[in-house]
Amino acid sequence: YIQIARPNHWVKNVFVLPGVVVALSIEPARIWLLEPVKLLLGLLAVCLITSSNYVLNELLDAPFDEVHPTKRRRPVPSGQISVGWAYAEWIVLMLAGLALGREISLRFLITMLALWVMGCVYNIPPLRTKDLPYIDVLSESLNNPLRMLAGWYLTGTQAIPISSLLISYWMIGCYFMAIKRYAEYRDLGDQNRSAAYRKSFAFYTEQRLLVSIVFYGSHSMLFFGAFIVRYRLELILSLIH
């Protein structure tokens, strides 16, 4: 049950911290108002919500994982756990994460709820966006800007989040997720087995995935450029370099 919550993936929540850094760069005086305990509680809330999403992912992906050469050994497809207890774990982790989020602020709580809802949209039929080509990458990578928003609201700032930076952060997530899809596609090799494991692979080809990788990478830089021109012109040197 611990394994399906994937605490080893909590390191991904480091993507919350850029939201903290950017918010403090907009309002430097707020650094003296930061409460370390609230910061830690906020990070724990993000970890619990993402773990709730991981549990759901493990449960609903089990039939597909059975045809994967290595993922079929995971706890759910290999029959090591009770599905009923796992669903209970999914709900408990969500409630605990939202309870901690409420201790931070209402806006942080809403962000945590949005992060959890996106996990449902990504995994639960009939939407199950992970089965839709391109939409799978776009919807999963929305977790990136949501993590940035979580960091932003952890500072208590009243400033409005910067849309160009959020979109850039989203596209960076899409870039890495598309690379992951490309690696999975290449690793599985066989078209029929790939489609049985992940429905979107019935549409994808290596060329389509490579084109999408270039698209996401270029757009992440486009919107990052818009951000630095508007807010941090001195960072233009990073792009020139």
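One can find the structure itself at the top, above this paragraph.
Now for a description of the structure that goes with this document. Quantities reported herein were computed from a predicted structural model and do not represent experimental measurements.

**A few points about the pattern of salt bridges**
One pass over the full model with this rule turns up nine salt bridges. The salt bridge involving Arg 181 is made with Glu 184; its shortest N-O contact spans 3.8 Å. Here Arg 181 pairs with Glu 184, and both are found in helix H7 (residues 163-188), just three residues apart, close to one helical turn. Each member of the pair Arg 181 and Glu 184 is classed as buried. Through salt bridges with shared partners, one network takes in Lys 71, Asp 136, Arg 181, Glu 184 and Arg 198.

**Focus: the side chain of Glu 89**
Checked against the element boundaries, Glu 89 lands in helix H3 (residues 83-104). Buried charge Glu 89 goes without a salt bridge, the closest partner of opposite sign being Arg 6 at 10 Å. Residues within four places of Glu 89 in sequence aside, it is in contact with Tyr 1, Ile 4, Ala 5 and Val 55.

**Quick look at the packing of aromatic side chains**
The description of an aromatic ring pair uses the distance of the two centres, along with the angle that the planes make with each other. Applying the stated rule across the entire model yields eleven aromatic pairs. Centre to centre, the rings of Phe 215 and Tyr 216 are 5.7 Å apart; their planes meet at 75°, and the pair counts as edge-to-face. Judged by relative accessible area, which is 4%, Tyr 216 ranks as buried. By the ring-pair criterion, three or more aromatic residues cluster together here, those being Tyr 134, Tyr 185, Phe 201, Phe 203 and Tyr 204. When the ring centre of Phe 201 is taken as origin, the NZ or CZ atom of Arg 198, which lies over that ring, is 5.8 Å away. Positioned over the ring face of Phe 203 is Arg 208, at 4.1 Å from the centre of the ring.

**Re helix H6 (residues 143-154)**
In this model, H6 (twelve residues) spans 16 Å end to end at C-alpha, consistent with the 16 Å of a helix rising 1.5 Å per residue. Within H6, twelve of the twelve residues are buried, which leaves the element mostly enclosed by the surrounding structure. Here H6 has its buried residues at Asn 143, Asn 144, Pro 145, Leu 146, Arg 147, Met 148, Leu 149, Ala 150, Gly 151, Trp 152, Tyr 153 and Leu 154. In this fold, the buried residues of H6 make contact with helix H1 (17-26), helix H2 (36-65), H3, helix H4 (106-123), helix H5 (135-140) and H7. Positioned one or two residues after H6, Gly 156 has a phi angle of 80°, which is positive.

**Brief notes about a nonpolar patch on the surface**
A cluster of nonpolar side chains, Val 14, Phe 15 and Leu 17, forms an exposed patch at the surface whose accessible area comes to about 230 Å². For Val 14, the location among the structural elements is in the segment before H1.

**Here we look at the nonpolar core**
The nonpolar side chains of soluble globular proteins are, as a tendency, buried together. The biggest cluster of nonpolar side chains holds 43 residues, and the ones touching the most others in it are Val 46, Val 55, Phe 108, Met 112 and Trp 152. The set of elements that each furnish at least two residues to this core consists of H1, H2, H3, H4, H6, H7 and helix H9 (206-231). Here this core takes eight residues from H2, the largest share from any one element. Contact partners of Phe 108, with chain neighbours within four places excluded, come to Gly 42, Ala 45, Val 46, Gly 101, Ala 150, Tyr 153 and Leu 154. Counting 14 residues, the second-largest nonpolar core is a separate cluster that includes Cys 174, Met 177, Ala 178 and Phe 201.

**Describing the packing of H1 against H6**
Packing of H1 against H6 leaves a shortest axis separation of 6 Å and a crossing angle of 45°. For the element pair H1 / H6, the angle class is oblique. Considering only the axes of H1 and H6, their crossing is right-handed. In contact with Pro 18, Gly 19, Val 20, Val 22, Ala 23 and Ile 26 of H1, H6 contributes Met 148, Gly 151 and Trp 152. Partitioning the contact of H1 with H6 into residue classes produces seven nonpolar, two polar and no charged.

**What about the packing of H3 against H4?**
Packed helices, taken two at a time, are described by the angle between their axes plus the distance between the axes. Running from amino to carboxyl end, H3 crosses H4 at an angle of 160°, the nearest separation of the two axes being 6 Å. Judged on the interaxial angle alone, H4 and H3 are roughly antiparallel. Relative to H4, the crossing made by H3 is right-handed. Contacts from Trp 90, Met 94, Leu 98, Gly 101, Arg 102 and Ile 104 in H3 reach Leu 106, Phe 108, Leu 109, Met 112, Leu 113, Trp 116 and Cys 120 in H4. In terms of residue class, the contact of H3 with H4 is built from eleven nonpolar, one polar and one charged.

Criteria and thresholds
Residues numbered from 1 in each chain as written. Predicted model: local features only at pLDDT ≥ 70, side-chain atom pairs only at ≥ 80, totals over all residues. Heavy atoms only, no water. Salt bridge = Lys/Arg side-chain N within 4 Å of Asp/Glu carboxyl O. Helix = DSSP H or I, 4+ residues; strand = E, 2+ residues; numbered from the N terminus. Buried < 20%, exposed > 50% of the residue type's maximum accessible area, 1.4 Å probe, protein only. Lys, Arg positive; Asp, Glu negative; His and termini not counted. Contact = heavy atoms within 4.5 Å. Phe/Tyr/Trp six-rings, centres within 6.5 Å; stacked < 30°, edge-to-face > 60°. Lys NZ or Arg CZ within 6 Å of the ring centre and 35° of its normal. Expected span 1.5 Å × (residues − 1). Patch = residues over 30% accessible without salt bridge, like charges linked within 9 Å, V, L, I, M, F, W, Y side chains within 5 Å. Areas by Shrake-Rupley, 256 points an atom, 1.4 Å probe, with all protein chains shown as cover. Core = buried A, V, L, I, M, F, W, Y, C linked by side-chain atoms within 4.5 Å. Axes fitted to C-alpha atoms, helices over the stretch in contact; angles between N-to-C directions. Parallel < 35°, antiparallel > 145°, perpendicular 65-115°, else oblique. Left-handed = near helix turned anticlockwise from the far one by under 90°. Nonpolar A, V, L, I, M, F, W, Y, C, P; charged D, E, K, R; others polar.

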